[in-house]
Amino acid sequence: MHQHEMSARSVFDGVVFMPSQIKLLEDFKRDMHPDKVNLAGREYVGEHGHTTWLPLVRKIKQQIATDPTLTPEYPPNLGIPEFTRRATELALGKDSPAIVESRVFGVQTVGCTGAVHLGAELLRSCYCSSSSWSGPILLSSPCDDSLAGIFKAAGIEDVQYYRFWDAESNGVCVENMVRDLENAPEQCLVVLFASGHRPTGAELSQEDWKRVAEVMVKRQLFPFFLMSAQGLCSGSLEQDAWPVRHCVSLGLELLCAQSFSYNFGLYGERVGHLLCVLKQNLLAVQSQAEKIVQTLWSCPPMEGARVVATVLSNPAHLVDWQESVKAIAERCMLIRERLRERLRLLGGPWHWDHIIKPGGLYCCFGLNTQQVEFLVQKKHIYLLPNGCLNVSAINSRNLDYVAESIHQALSSKL
Amino acid sequence: MSIFGEVPQAAPVAVFKLTADFREDQNPRKVNLGVGAYRTDEGQPWVLPVVRKVEKMIADDHSLNHEYLPILGLPEFRSSSSKIALGEDSPAIKDNRVGAVQCLGGTGALKIGAEFLRRWYNGTDNTKTPIYVSAPTWENHNAVFSNAGFEDIRPYKYWDAGKRGLDLEGFLGDLESAPDHSIFVLHACAHNPTGTDPTQDQWKQIADVMKRKSLFAFFDSAYQGFASGNLDKDAWAVRYFVSQGFELFCAQSFSKNFGLYNERVGNLTVVAKDQDNLNRVLSQMEKIVRITWSNPPSQGARLVAITLNTPELFAEWKDNVKTMADRVLLMRAQLKEKLKALGTPGTWEHITEQIGMFSFTGLNSKQVEYLVKEKHIYLMASGRINMCGLTTKNIDYVAESIHEAVTTVQ
């Protein structure tokens, strides 16, 4: 048999190198400075500086590991029914009209990203029924840098932004946001953030949400909520979910991507949920979701969802868990207050009320590029380039250093 | 007015519908020969003893955290999985030109591979690059590549219904006539659904044409160890291609050989010409993963990594895999014997010649319908049966029913 020689050229010659998107984290890991602080992480870290285990979660995982009745079978494509049921109830409230009227279905997904990706593909294939609709979709300015990529990958090329974070006031400018939504094309998708915005941590008041929802109804805009940390912002599950429930009460159809990473500490297990609230045609849309899931991951991983379902369906566990969530929210609020107090005592013309206004993990400081660079390079305090940071990584050991460094960054002529 | 108002109902996936019908069937003699999962002789799913052991180790290990895994997955999982596919002493691994991406099962591995190829394989837009899948093949292959944007998915001749074996001539012919640089999805072993694999010599012929025409080999390896009971034997084809200098992808699933169907443990092994090419490929795959599921799940990967990297556990796992493979071989032998003993018309050698979980019985759709409706024996319309659905308790009933179907239904 004639053996042919393999070409010396690589089939992948044309592939361009993509720089790592977690460079900041890598730089932090390499940094040998004893006072270094990582305020750019996603996860909630405890007082000791590490991600925490919820004791309840550990206990349930051990139960699962030794339960002889649990089988390793393929789960349904759309996930564990008990999980999706509880996740739906958690978001909408047990007596939500949408649930009572059977106008909602849920899909267990691979984390919040998986939920957004699935939602994006589902919308693109279903939206406005006929041929593929390609947008536009409106994202907040700023937002997580991977969001635009997720929608584009799903075929929604037309990505636009509504004004959200206002650097002047270190908060949300609702006027601008509402105006941009009013000027948006009818029937476009709008990504909204319940339970705190990433990366700014910004929140809207209930009055603000009412205004936003009104425009959504008037312009027939479609809400796609991201609720990544229900309970961690206000300490109350219901309060954090209020914007979603309010839109449902107005009769809006919507999607909601939920994450159980933060409020269960189950980051690695990738427990997400895509909630779909419709007016009609539920089974057909559900079947399309199933079809898409089969091309993404076939069916979702069980471990994390089993833990969540176990907790949410047991009244005693539920109370236990709600306490843990509240404790996390309260610690974040306490850190914010302490930070504000330290900064106030250090003096200067600046106001710090915006730090304590929102709850949850993230906070935006209105620092400019040079000031952020100063903090990273000179003080070994790592925060996001736009001046946003994760407050949970601030603790009693590094609070003074962080406050003084921020003060220094603002005071120096940079 | 709903924006979802006009959405059509998607057709149900045949194998899931079959299982649903099976579940609803009240007949006490019902047998499920449809879905592709291992069953014990008691007809139960099997948690591998080594898996039970490691699960408990993980749950009791208080030093483990719940943090996000790296985007490309658990490093020790990725490297040990690639070693399983390519061999501990693979020259490609030694040359640092092998990498991997931890994915959500075999499906996830195919997905990431497909998305990458569409963007980067032959120029930056491969929507028109032909993808060839075997006729027949796992029904989800089409959907995964189609959803990744490939518009031209073609069958390559594979199963010869007449002689109940591989249509090598047709296969080689389709390789020859394929446009250069086309992508071919190859089953590494235990072809799904036919259970018919090329021999080593046939693989050599296939590789030869693929090399000459610069065709890309995308292996789907869902049954390593499960087919013959021997990991190395089942990996022969992939390793041969690597030794011939091919750059290739291998989508590995640990659902079947670890019985971890529900934790979605997969690995996309990438073999490139050199380390530089490999790094560029992985960097782009990371970007694709980031917008698909961001980070893969930790549980299953940890379990597999610990098992593969701990000698006693690795030995125990290989033993567990052999247990499953041996039971399948036993059922194959017994089914063939019983059909021969009954004098069922036709030849039944293919039942023991075929390998892995599935057998393409050669029953036609009318005969299949008879089995499902009259005998409450559930199998795919194609005549595919899952040998794991057979047990010492039901094998007589199944053999007799097949005999009836063949003799009374044409």
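Just so it is clear, the structure is predicted and the values come from calculations on it, not from any experiment.

Trainee: Now, about the overall build of chain A: what can you tell me, with residues and values included?
Mentor: The helix and strand tally for chain A stands at 16 helices and 13 strands. Against the compact-globule benchmark of 22 Å for 414 residues, chain A has a radius of gyration of 23 Å, which places it among compact chains. Its C-alpha atoms put chain A at 70 × 60 × 55 Å along the principal axes. Taking all 414 residues of chain A together, the buried fraction comes to 59%. The long-range fraction of contacts in chain A, counting pairs at least 24 apart against all pairs at least 6 apart in sequence, stands at 75%. Split by element, the accessible area of chain A, about 16,600 Å² in all, is 52% carbon and sulfur.

Trainee: Lay out the interface of chain B and chain A in plain terms, naming residues and giving numbers.
Mentor: Between chain B and chain A, the residue contacts involve 82 residues of the former and 87 residues of the latter. Across the chain B/chain A interface, buried area totals approximately 7,400 Å², and carbon plus sulfur atoms make up 56% of it. Broken down residue by residue, the surface that chain B buries against chain A is led by F4(B), H66(B) and Y68(B), which jointly contribute 13%. Remark: the boundary between chain B and chain A carries two salt bridges. With its nearest N and O atoms 2.6 Å apart, the salt bridge here joins R39(B) to E73(A).

Trainee: Describe the domain arrangement of chain B, and please don't skip the residues or the numbers.
Mentor: Residue and element names in this part refer to chain B. By the assigned domains, chain B splits into domain 1 (14-46 + 326-408) and domain 2 (75-309). Averaged C-alpha coordinates put domain 1 and domain 2 at centres separated by 29 Å. At the interface, 20 residues of domain 1 touch 17 residues of domain 2. Summed over both partners, the interface of domain 1 with domain 2 buries about 1,500 Å², with 62% contributed by carbon and sulfur atoms. When the area that domain 1 buries against domain 2 is broken down by residue, the three leading residues are I355, F358 and F360, summing to 38%. There are zero salt bridges connecting domain 1 and domain 2. The interface formed by domain 1 and domain 2 holds five residue pairs in polar contact (both at pLDDT 80 or more) in total. Split into classes, the residues belonging to the side of domain 1 that touches domain 2 amount to 11 nonpolar, eight polar and one charged.

Trainee: Provide a residue-level description of the domain arrangement of chain A, including the pertinent values.
Mentor: Accessible area lost upon the coming together of the parts is a frequently used measure of interface size. Residues and elements named next belong to chain A. Here chain A is described as being made up of domain 1 (22-52 + 319-411) and domain 2 (72-313). Computed from C-alpha coordinates alone, the two centres of domain 1 and domain 2 are separated by 27 Å. Both sides of the domain 1 and domain 2 interface together cover about 2,000 Å² of buried area, and 66% of this is carbon and sulfur. Three residues, W321, V325 and Y362, lead the burial of domain 1 against domain 2; their summed loss comes to 31% of the area buried on that side. Counting every contact that joins domain 1 to domain 2 gives zero salt bridges. The interface formed by domain 1 and domain 2 contains five residue pairs in polar contact (both at pLDDT 80 or more). Breaking the side of domain 1 that touches domain 2 down by element, the ones donating at least two residues are α13 (315-345) and β11 (362-364). Take the side of domain 1 that touches domain 2: its biggest share by element is seven residues, from α13. Looking at the side of domain 1 that touches domain 2 residue by residue, the classes come out as 14 nonpolar, seven polar and four charged.

Trainee: How would you explain the packing of helix α2 (residues 49-60) of chain B against helix α12 (residues 298-309) of chain B if you had to name every residue and give the values?
Mentor: All names here are of chain B. Axis separation between α2 and α12 bottoms out at 10 Å; the angle between their running directions is 115°. Classified by the interaxial angle, the pair formed by α2 and α12 is roughly perpendicular. At the point where α2 passes α12, the crossing takes the right-handed sense. Packed against α2, whose contacting residues are V50, V51, V54, E55, M57 and I58, the element α12 presents Q299, R302, L303, I306 and T307 at the interface.

Trainee: Would you mind going over the sheet that holds strand β3 (residues 137-141) of chain A in detail, with residue names and values included?
Mentor: Residues and elements named next belong to chain A. The strand order across the open sheet formed by seven strands is β2-β10-β9-β8-β7-β3-β4, and the pairing between neighbours is mixed. Taken across any chain shown, the strands that pair with only one partner, and hence form the sheet edges, are β2 (104-110) and β4 (159-163). Strand after strand, the sheet turns through a mean of 25° between neighbouring axes, direction not considered. In this structure, strand β9 (residues 254-259) lies alongside strand β10 (residues 271-277), joined through six bridges in antiparallel fashion. Directly across from A257, in β10, lies its bridge partner L274. The sheet contacts of helix α9 (residues 237-249) involve β7 (189-194), β8 (222-227), β9 and β10, and relative to β8 the element is tilted by about 160°.

Trainee: How would you sum up α13(A)? Please name residues and give values.
Mentor: Residues and elements named next belong to chain A. In this model α13 runs 45 Å from its N-terminal to its C-terminal C-alpha over 31 residues, within 8% of the 45 Å that 1.5 Å per residue would give. Buried residues of α13: H317, W321, S324, V325, I328, A329, R331, C332, I335, R336, L339 and L343, and no others. Where α13 begins, one side-chain oxygen reaches toward the backbone nitrogen of A316, 2.9 Å away; that side chain belongs to N314. Two residues or fewer after α13 comes G347, characterised by a positive phi angle close to 85°.

Trainee: Give a detailed account of the pairing of β7(A), specifying residues and quantitative values.
Mentor: Residue and element names in this part refer to chain A. Buried residues dominate β7, accounting for six of its six residues. In β7, alternate side chains face the same way, and those of L189, V191 and F193 on one face and V190, L192 and A194 on the other are all buried. Pairing of β7 with β8, which is carried by six bridges, proceeds in the parallel orientation. Across the sheet, residue V190 finds its bridge partner in β8, namely P223.

Trainee: Go over the state of the cysteines, please, and point to the residues and values.
Mentor: Taken as a whole and assessed by the stated rule, the structure comprises zero disulfides over all chains. In this structure C256(A) is not part of a disulfide, and its nearest cysteine sulfur, from C112(A), lies 8.1 Å away. Considering cysteine sulfurs only, C189(B) is the nearest to C388(B), which forms no disulfide, with 14 Å between them. Residue classification places C388(B) among the buried residues on the basis of a relative accessible area of 1%.

Trainee: Can you lay out the sheet that holds strand β3 (residues 131-135) of chain B for me, pointing to particular residues and giving the numbers?
Mentor: Where strands meet in a sheet, backbone hydrogen bonds hold them as pairs that are either parallel or antiparallel. Residues and elements named next belong to chain B. Spatial strand order, β2-β10-β9-β8-β7-β3-β4: seven strands in an open sheet with mixed pairing. Each end of this open sheet is capped by a strand with a single partner; those strands are β2 (98-104) and β4 (153-157). Each strand of the sheet is rotated relative to its neighbour by a mean of 25°, with strand direction disregarded. Bridge count for β3 against strand β7 (residues 183-187) is two bridges, and the pairing is parallel. Across the sheet, I131 pairs through a bridge with I183, a residue of β7. On the sheet, helix α8 (residues 200-212) packs against β7 and β8 (216-221) and is oriented at approximately 165° with respect to β7. Against the sheet, helix α11 (residues 275-290) touches β2, β9 (248-253) and β10 (265-271), its axis set at about 15° to β2.

Trainee: Quick rundown of the pattern of salt bridges? Include the residues and the values.
Mentor: Note that side chains of opposite charge can pair when their charged atoms are close. According to the stated counting rule, one finds 45 salt bridges over all chains in the structure shown. Residues D144(A) and R198(A) are paired through a salt bridge, measuring 2.7 Å at the closest nitrogen-oxygen approach. Of this pair, D144(A) sits in the loop between β3 and α6 (145-153) while R198(A) sits in the loop between β7 and α8 (206-218), and the two are 54 residues apart along the sequence. On the basis of relative accessible area, D144(A) is assigned to the buried category, the value being 18%. For R198(A), a relative accessible area of 19% corresponds to the buried category. The salt bridge partner of D144(A) is R290(B), with a shortest N-O separation of 3.5 Å. Taken together, the residues span two chains, with D144(A) in the loop between β3 and α6 and R290(B) in helix α11. Summarising the burial analysis for this pair, D144(A) and R290(B) share the class buried. Among the ionic contacts, a cluster of salt bridges with common partners joins E82(A), R85(A), R86(A) and E89(A).

Calculation criteria
Residues numbered from 1 in each chain as written. Chains lettered and ligands numbered in written order. Predicted model: local features only at pLDDT ≥ 70, side-chain atom pairs only at ≥ 80, totals over all residues. Heavy atoms only, no water. Helix = DSSP H or I, 4+ residues; strand = E, 2+ residues; numbered from the N terminus. Rg over C-alpha atoms; globule rule 2.2 N^0.38 Å. Buried < 20%, exposed > 50% of the residue type's maximum accessible area, 1.4 Å probe, protein only. Contact = heavy atoms within 4.5 Å. Areas by Shrake-Rupley, 256 points an atom, 1.4 Å probe, with all protein chains shown as cover. Buried area = accessible area lost by both parts, 1.4 Å probe. Salt bridge = Lys/Arg side-chain N within 4 Å of Asp/Glu carboxyl O. Domains from an automatic or database assignment. Polar contact = N/O pair within 3.5 Å; in protein donor to acceptor, adjacent residues only side chain to side chain. Nonpolar A, V, L, I, M, F, W, Y, C, P; charged D, E, K, R; others polar. Axes fitted to C-alpha atoms, helices over the stretch in contact; angles between N-to-C directions. Parallel < 35°, antiparallel > 145°, perpendicular 65-115°, else oblique. Left-handed = near helix turned anticlockwise from the far one by under 90°. Pairing = 2+ DSSP bridges. Expected span 1.5 Å × (residues − 1). Disulfide = S-S within 2.5 Å.

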